2 protein chains.
Amino acid sequence: MYTTLKRWIIGKPLKSEQLKEEKLPIWKALPILSSDALSSVAYGTEQILTVLVVAGSMALWYSLPISGAIVGLLFLLILSYRQVIDQYPGGGGAYIVSMDNIGWFAGTIAGASLLVDYTLTVAVSVTAGAAAITSAVPILHDHAVLLSVSFVLLIMILNLRGLRESGTIFAFPTYMFIIGILSLILVGIFNVLKGGIPANVPPVTSHLPEGLTWFLLLRAFSSGCSALTGIEAISNATPTFRPPETKHAARTLALLGVLLATLFAGVSLLAYLYHLTPDPKQTIISQIAEQTFGRTIPYYYVQATTALILILAANTAYSGFPLLASIMAKDKLMPRMFMTRGDRLNFSNGIIALSIAAIVLILAFGGDIDRLIPLYAIGVFTSFTLAQLGMVRRWLKHKPTGWRTKLAINATGAVVCFIVLMIFAITKFHEGAWLIVLVIPMFILLFSQIYRHYQGIADELRLDRSTEKPVTQDQLLIIPVGGVNRVVRNTISYAKSLEVEAVALYIAFEKEDQEKMKNKWAEWDPGIPLEVTYSPYRSVIQPLLDFVDQMKARNKNCQITVLIPQFIPRRWWHNLLHNQTALMIRFILLWKRDVVIGTVPFHLKK
Amino acid sequence: MYTTLKRWIIGKPLKSEQLKEEKLPIWKALPILSSDALSSVAYGTEQILTVLVVAGSMALWYSLPISGAIVGLLFLLILSYRQVIDQYPGGGGAYIVSMDNIGWFAGTIAGASLLVDYTLTVAVSVTAGAAAITSAVPILHDHAVLLSVSFVLLIMILNLRGLRESGTIFAFPTYMFIIGILSLILVGIFNVLKGGIPANVPPVTSHLPEGLTWFLLLRAFSSGCSALTGIEAISNATPTFRPPETKHAARTLALLGVLLATLFAGVSLLAYLYHLTPDPKQTIISQIAEQTFGRTIPYYYVQATTALILILAANTAYSGFPLLASIMAKDKLMPRMFMTRGDRLNFSNGIIALSIAAIVLILAFGGDIDRLIPLYAIGVFTSFTLAQLGMVRRWLKHKPTGWRTKLAINATGAVVCFIVLMIFAITKFHEGAWLIVLVIPMFILLFSQIYRHYQGIADELRLDRSTEKPVTQDQLLIIPVGGVNRVVRNTISYAKSLEVEAVALYIAFEKEDQEKMKNKWAEWDPGIPLEVTYSPYRSVIQPLLDFVDQMKARNKNCQITVLIPQFIPRRWWHNLLHNQTALMIRFILLWKRDVVIGTVPFHLKK
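Counting from 1, residues in each chain are numbered in the order their sequence is written. Each chain takes a letter, starting from A, and each ligand takes a number, starting from 1, following the order in which they are written. With pLDDT at 70 or above as the cut-off, local features in this predicted model cover only qualifying residues; side-chain atom pairs require 80 or more to be listed or tallied, and sums for whole chains, interfaces and linings still use all residues. The basis for every side-chain value is the complete set of heavy atoms in the structure, and neither hydrogens nor water enter the calculation.

**Here's the deal with the overall build of chain A**
Link 1 in the chain: Think of it this way: any DSSP run of H or I at least four residues long counts as a helix, any run of E at least two long counts as a strand, and we number them from the N terminus. Scanning chain A from N- to C-terminus turns up 21 helices and 5 strands.
Link 2 in the chain: As a reference, a globule follows 2.2 Å times the number of residues to the power 0.38, and the radius of gyration itself is taken over C-alpha atoms. Relative to a compact globule of 606 residues, whose C-alpha radius of gyration would be 25 Å, chain A shows 32 Å and is clearly more extended.
Link 3 in the chain: Taken over the C-alpha atoms alone, chain A extends approximately 110 × 60 × 45 Å along its principal axes.
Link 4 in the chain: The buried label applies to any residue whose accessible area, calculated with a 1.4 Å probe on protein chains only, is under 20% of its type's maximum; exposed applies above 50%, and partly exposed to all values in between. Going through the 606 residues of chain A one by one, you find that 57% of them count as buried.
Link 5 in the chain: Sequence separation of 24 or more characterises 80% of the internal contacts of chain A that already satisfy a separation of 6 or more.
Link 6 in the chain: When the accessible surface of chain A is summed, it comes to about 25300 Å², and 64% of that surface belongs to carbon and sulfur atoms.
Link 7 in the chain: Charged residues are defined here as Lys and Arg on the positive side and Asp and Glu on the negative side; His and the ends of the chain fall outside this count. By convention, the point assigned to a charge is CZ for Arg, NZ for Lys, CD for Glu and CG for Asp. Put simply, chain A has 52 plus and 37 minus side-chain charges, and the middle of one group is 6 Å from the middle of the other. Residue contacts follow a heavy-atom distance rule, with two residues in contact if any of their heavy atoms lie within 4.5 Å. We get accessible surface area from the Shrake-Rupley algorithm with a probe of 1.4 Å; when it comes to residues, only the shown protein chains can shield them.

**Overview of the interface of chain B and chain A**
Link 1 in the chain: Taken together, the 87 residues of chain B in the interface contact 87 residues of chain A.
Link 2 in the chain: By convention, the term buried area covers the 1.4 Å-probe accessible surface removed from two parts as they join, with the contributions of both added. Carbon and sulfur atoms supply 57% of the area buried between chain B and chain A, which totals about 7600 Å² over both sides.
Link 3 in the chain: Interface area lost by chain B to chain A is led by Glu460(B), Arg465(B) and Arg538(B), which between them contribute 10%.
Link 4 in the chain: We count a salt bridge whenever a side-chain nitrogen from Lys or Arg sits within 4 Å of a carboxyl oxygen from Asp or Glu. The interface formed by chain B and chain A contains 6 salt bridges.
Link 5 in the chain: Each polar contact in these results corresponds to two N or O atoms within 3.5 Å; when the atoms are within protein, one needs to be able to donate a hydrogen and the other to accept it, and residues that are neighboring in sequence are counted only if both atoms are side-chain atoms. Linking chain B to chain A there are 28 residue pairs in polar contact (both at pLDDT 80 or more).
Link 6 in the chain: Counting residues per element, the ones that place at least two in the side of chain B that touches chain A are helix H17 (433-461), helix H18 (486-498), helix H19 (511-524), strand E4 (558-568), helix H21 (581-592) and strand E5 (596-603) of chain B.
Link 7 in the chain: Charged means Asp, Glu, Lys or Arg here, nonpolar means Ala, Val, Leu, Ile, Met, Phe, Trp, Tyr, Cys or Pro, and polar covers whatever is left, Gly included. Residues of the side of chain B that touches chain A, tallied by class, amount to 39 nonpolar, 21 polar and 27 charged.

**With respect to the relation of the copies chain B and chain A**
Link 1 in the chain: Fitting of the copies onto one another was done by least squares over C-alpha atoms, counting residues only where both copies have pLDDT of at least 70. Mapping chain B onto chain A calls for a rotation angle of 180 degrees and an axial translation of 0.1 Å; the resulting RMSD is 0.1 Å. The transformation relating the two chain copies, once decomposed into turn and shift, fits a two-fold axis. Distance from the rotation axis, computed per C-alpha, reaches its smallest value in chain B at Gly598(B): 2.1 Å.
Link 2 in the chain: Most of the interface of chain B is mirrored in chain A, where 100% of its interface residues again form contacts.

**Some details on the sheet that holds strand E5 (residues 596-603) of chain A**
Link 1 in the chain: Reading across from one edge, E3(A)-E2(A)-E1(A)-E4(A)-E5(A)-E5(B)-E4(B)-E1(B)-E2(B)-E3(B) is the order of the 10 strands in this open sheet, with mixed pairing throughout. A strand with exactly one partner marks an edge of an open sheet, and here the two such strands are strand E3 (530-534) of chain A together with strand E3 (530-534) of chain B. Shown here is a sheet whose adjacent strand axes are inclined to one another by a mean of 25 degrees, direction ignored.
Link 2 in the chain: Any two strands with at least two DSSP-identified bridges between them are counted as paired. Sheet topology places strand E1 (residues 474-481) of chain A next to strand E4 (residues 558-568) of chain A; 5 bridges connect them, and they run parallel. Every angle, taken between N-to-C directions, lies between 0 and 180 degrees, and every axis is a line fitted to C-alpha atoms, over only the stretch in contact when it is a helix.

**Here we look at helix H9 (residues 214-224) of chain A**
Link 1 in the chain: Every buried residue of H9(A) is accounted for by Leu216(A), Leu217(A), Ala220(A), Phe221(A), Ser222(A), Ser223(A) and Gly224(A).
Link 2 in the chain: Residues of H9(A) that are buried make contact with helix H3 (41-52), helix H4 (63-87) and helix H16 (403-427) of chain A.

**So, the environment of Gly366(A)**
Link 1 in the chain: Along the polypeptide, Gly366(A) turns up in the loop between helix H14 (348-364) and helix H15 (369-398).
Link 2 in the chain: We classify Gly366(A) as partly exposed; its relative accessible area is 44%.

**Structural notes on the state of the cysteines**
Link 1 in the chain: Two cysteine sulfur atoms make up a disulfide if the distance between them is within 2.5 Å. Counted under the stated rule, the structure contains 0 disulfides over all chains.
Link 2 in the chain: This cysteine, Cys225(B), is not joined by any disulfide, and Cys417(B) carries the nearest cysteine sulfur, 8.9 Å off.

**A few points about the confidence of the model for chain A**
Residue and element names in this part refer to chain A.
Link 1 in the chain: Across chain A, the average pLDDT comes to 85, with 91% of residues at 70 or higher.
Link 2 in the chain: The predictor reports its confidence for every residue as pLDDT, a score running from 0 up to 100. Looking over chain A, one finds the lowest element-wise mean pLDDT in helix H1 (residues 2-10), namely 67, and the highest in strand E2 (residues 501-508), namely 94.
Link 3 in the chain: Overall fold confidence (pTM) sits at 0.71, and the ipTM for the predicted complex is 0.73.

**Considering the domain arrangement of chain A**
Link 1 in the chain: When its domains are assigned, chain A resolves into domain 1 (2-454) and domain 2 (474-603).
Link 2 in the chain: Domain start and end points were adopted from an automatic or database domain assignment. Distance between the C-alpha centres of domain 1 of chain A and domain 2 of chain A: 60 Å.

**Here's the deal with the packing of helix H7 (residues 144-161) of chain B against helix H14 (residues 348-364) of chain B**
Residues and elements named next belong to chain B.
Link 1 in the chain: Two numbers describe how H7 lies on H14: the axes approach to 10 Å, and their chain directions differ by 175 degrees. By the criterion of interaxial angle, the relationship of H7 to H14 is roughly antiparallel. In this structure, H7 contributes Val145, Ser148, Val149, Val152, Leu153, Met156, Asn159 and Leu160 to the contact, and H14 contributes Ser348, Ile351, Ile352, Ser355, Ile359, Ile362 and Leu363.
Link 2 in the chain: For the contact of H7 with H14, the residue count by class is 11 nonpolar, 4 polar and no charged. For this classification, under 35 degrees means roughly parallel, over 145 means roughly antiparallel, 65 to 115 means roughly perpendicular, and everything else is oblique.

**Comments concerning the nonpolar core**
Link 1 in the chain: For the purposes of this section, nonpolar cores are sets of buried Ala, Val, Leu, Ile, Met, Phe, Trp, Tyr and Cys residues that join through side-chain atoms within 4.5 Å. Counting residues in each nonpolar core, the largest one holds 149 residues, and the members touching the most others are Leu52(B), Cys225(B), Ile288(B) and Phe381(B).
Link 2 in the chain: Ranked by residue count, the leading element in this core is helix H6 (residues 104-136) of chain B, at 17 residues.
Link 3 in the chain: Ignoring anything within four residues of it in the chain, the contact list for Ile288(B) reads Leu184(B), Val267(B), Leu270(B), Ala271(B), Tyr274(B) and Leu276(B).
Link 4 in the chain: Judged by nonpolar contacts, the second largest core, of 148 residues, contains Ile32(A), Ala55(A), Val126(A) and Leu372(A).

**Thoughts on H18(B)**
Residue pairs three or four apart in sequence face the same way in an α-helix, which turns once every 3.6 residues.
Residue and element names in this part refer to chain B.
Link 1 in the chain: In this analysis, the expected span of each helix is defined as 1.5 Å times one less than the number of residues it contains. The end-to-end C-alpha distance of H18 is 19 Å, a good match for the 18 Å that 13 residues give at a rise of 1.5 Å each.
Link 2 in the chain: Residues of H18 that are buried include every one of Val487, Val488, Thr491, Ile492, Ser493, Tyr494, Ala495, Ser497 and Leu498, and no others.
Link 3 in the chain: A side-chain oxygen of the first residue of H18 lies 3.0 Å from the backbone nitrogen of Val487; this N-cap is Asn485.
Link 4 in the chain: Note on H18: the residue one or two positions beyond its end, Glu499, has a positive phi of about 55 degrees.

**Describing the packing of aromatic side chains**
Residue and element names in this part refer to chain A.
Link 1 in the chain: Aromatic rings from Phe, Tyr and Trp, with only the six-membered ring used for Trp, were paired whenever their centres fell within 6.5 Å, and each pair was classed as stacked if the ring planes differed by under 30 degrees, edge-to-face if by over 60, and tilted otherwise. Counted by the stated rule, this structure contains 16 aromatic pairs over all chains.
Link 2 in the chain: Ring geometry for Trp104 and Tyr451: centres 6.1 Å apart, planes at 65 degrees, overall edge-to-face. Of this pair, Trp104 sits in helix H6 (residues 104-136) while Tyr451 sits in helix H17 (residues 433-461); the two residues are 347 residues apart in sequence, bridging distant segments of the chain.
Link 3 in the chain: Given a relative accessible area of 30%, Tyr451 falls into the partly exposed group.
Link 4 in the chain: Here a set of aromatic residues connected by ring pairs shows up, and it is made of Tyr81, Phe381, Phe384 and Phe424.

**Quick notes on the pattern of salt bridges**
Link 1 in the chain: Counted under the stated rule, the structure contains 18 salt bridges over all chains.
Link 2 in the chain: Two residues, Lys516(A) and Asp513(A), come together in a salt bridge whose shortest N-O distance is 3.9 Å. Note that Lys516(A) and Asp513(A) are positioned in helix H19 (residues 511-524) at a spacing of 3 residues, about one turn of the helix.
Link 3 in the chain: Salt-bridge contacts for Lys518(B) lead to Glu515(B); the nearest nitrogen and oxygen are separated by 3.6 Å. Here Lys518(B) and its partner Glu515(B) are both found in helix H19, 3 residues apart, which amounts to about one turn of the helix.
Link 4 in the chain: Residue class for Lys518(B) comes out partly exposed when judged on its relative accessible area of 41%.

**Brief notes about the packing of H6(B) against H7(B)**
All names here are of chain B.
Link 1 in the chain: In contact at an axis separation of 9 Å, H6 and H7 are set at 125 degrees when each is read in the N-to-C sense. Taken as axis vectors, H6 and H7 run oblique relative to one another. Crossing of H6 against H7: the hand is right-handed. Between H6 and H7, the residues in contact are Val122, Val126, Thr127, Ala130 and Ile133 and Ala144, Leu147, Ser148, Phe151, Val152 and Ile155, respectively.
Link 2 in the chain: Among the residues making up the contact of H6 with H7, the classes are represented as 9 nonpolar, 2 polar and no charged. Crossing chirality is assigned from the near helix's rotation relative to the far helix, an anticlockwise turn below a right angle marking it left-handed and a clockwise turn marking it right-handed.

Structural data, given as structure tokens:
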């Protein structure tokens, strides 16, 4: 039943050879890998305005230069990351780049930042998607958290089904969103030019308005930088492109840069021209669309595609997180299970872990996007900075032709990203950035512990094939028996077939049972000696452990096997009716003593 | 750590021989076994008044004759149950009596009713105890459910520590409660006689007041019968008395009858004389105590001891439920685990099961006692009726000296209890009695399924000691290996020591791994042949199952053992870092194929 259900949800298993077919052309890679970056258009402008509005409506003008600065930063990042793609066709982005060029410590910082960010991407995107829906359909306002969690589960299932199929599903909404927002910007600007809407724009003054401090401006800038999250996804996922991978990835990244700049700048401009202020019940995009189209079909089209792309933006993280986790697992920094490919050739454990973490975050923050975003961008810019820094060191070391220009680009990128990071850390510290400052070192500590563990085991298990051959040893079987019945007969038969020294052990709970059992055994006469012991505390474990120790002491060079007679009921739920002593004995013996455990099953027919 | 915590909460384990010491003298048995019956004084009168008040204050006079009828019924039950004690010194009450004299079906009905009732006793008592506390301390009114659940957990722990110690703890509150209520009744009646309180008693009329129907009167009577619950506890627990058990138990039962009649009648009388009506925020006992003493120390004494005895009344069920469950488990009607005595010689699984069931009930009914009581008495009177009926059949069969009088008592008891039962079923059906009518048949079905299962297994496992000797068989070992390392070497060494035919199996996930492994194996040359197979779906289970089938087909008469190499980390949480493939293989193989599973541990040192 479990298998049937799994097949139905996840699809048929794929063979390992089918892995190569799961590669993406540009038209599909763009929507899959950039929905995160593009969707941040839906909240980037709003985040700037939310900060500025504190200083009064006069301050809103500053959203324009701030948006301009962010677009500039965007182009710098695009240029920088094209160089990463070119140098690292195997993918991995910030983690690989810093691990490779700076060192283990920088690599783990980048890895931790990226894993945290992927999780936050999922949480922030579905939360913002739910906000887009509740803006259009106010009745759902109270169920935003439930909506968000359902979306995470839905995306998880789509991803467990495999990248290819998910790609086709995710391609359309992204294009529909691009068309929707572009139309909105064009119609909006046309309306303003026509004078159709009174442009009650606040005047521009030469000095900062009262209440607007530099601190507030920087904070608005850093909030707006949330629009830049997600652009590293393409460089992380280079190997999922159709060959030639690097060329296709670079082209996709450039395309993303142009699209993102256009949409973000357009929305910021319209928000300014319409003189909009943030409203907790309605997003900025919803306000722009309502003013432009009224509550007509185009309005609902914009809201629907915005919601869709936001929800699917989470999918970007589902390409990135499992791949990064598998690379880190290969590097012995994450548990090995993240390396295992599932039935559909994806890293299913990573997909599931990401979903659980995102749901926990959504529930912990009550689905409140304004509280999640401060956590978000600090990790992104940590990884940006490290990736650029890594590239700088790479150019300095290898010095290929034209390295000076390339170095200049990455060095500028590194410096700018580091400045932005500092602005974040300072202006957002109280709003939650401290949490990330706490979490990332914890991850690094965990990674190093995991690494040491795996390294230690590998050392311990390594074998010299030329000298370390198998060695034989004397053997002794111990068979705990609960009476004389067919289950016991089955096990005794097995022991006799092995032709090894054996002894049966009976543990009596009542003193008088000892003699009774001895007599029964003698009458049966199975050809294996019986030892009887009395357990005043009605436990079988301790007397069995004691007996093992006793036998071990008596036969120093003997290897001991405990053979456990176990009957297997016909239906699994019948186990509820039987004390699971065999299971417990096996578990405790395996941990506490160096004995081999054999389970001799007796399959019941009734 | 688990062991230390367990010791601290439960106490040191006791030896089986210490069982006999855990016997009770009368002065201790009375409070332990009768706190349920006595505590029902706290809600019995209130239940009558709650029904009567619907018909107006004129109807309240009828609480007196109703209470009288209930006291009469009480004495009849006491007489009947003394005869049960006399005939069944082994305890078991209604279950044993009806199983023994009427038959399997009646026995299971009685058993189901009793188990349900014990659970309801716990739920009703702690809920009423919480009500007594919130009457005195209104701030706690909103936390009644939390209070109730905490009390259940507390009583569970005390019982897991063992009957003896619990007894000493529970003896004092019962006596303090008896003293408190007796003083209350005496002072109250004295006050009324002195005319200290205006006795604005409604006049007695010769016809039923308007609105008071016979149906309502019968319903009030049946509600009041909740005061009789718990009196069967003593006959169920006869063997826990100090010898001579039956004599001591009978004397305790008589004592209980006198005490219960006095307290119940006294409270009903005072409630009438004070002309009290039920109030959801204050219990009747609280009202009586407040009118008698004012909110002085004696008032709080009465409330505190009422709360205490109510909460501890639940303890009665903790003597009865686990004992009955163990008897029924011995009769193969309940899962075997209820027969196992815990470290402290009590039936710990019964204690835990009862606690869980009671907590579920409390949570399901939101801690509302008025909704729980209708469920309560119907099961009690089912078991009363069956027990009496069983005794009637017993007298008719054995006819000992003086059997006619004894028969008359039990026959009257049976008829009266049956009539009360019918009154219940009719007047309380809509209020929840239907639930019990549904649950009891479900239990009976479950019991019969369990019985058939155990009986079937016993038949299947039975062995003829003179003919069915162990038989030997050819053996083949299959060793799944994941590479050439020390864990594998350890297992191969073991296989070679057994001197049985063996074959190693390597399951490759990548085609090129097959050749590599073959070469490594050849280089190592451990003296056991290697078979290599390729798993395109990256699963080890199915190829292993297939290989087992293949080997089985090739060696028809061979018994197959799968030897699983497993490394055991030094700390249990290290297991999180390793795929639990070995565990899964063992689990699935054991279920799906008739093979012996051997686990050869390699204990890591790091």
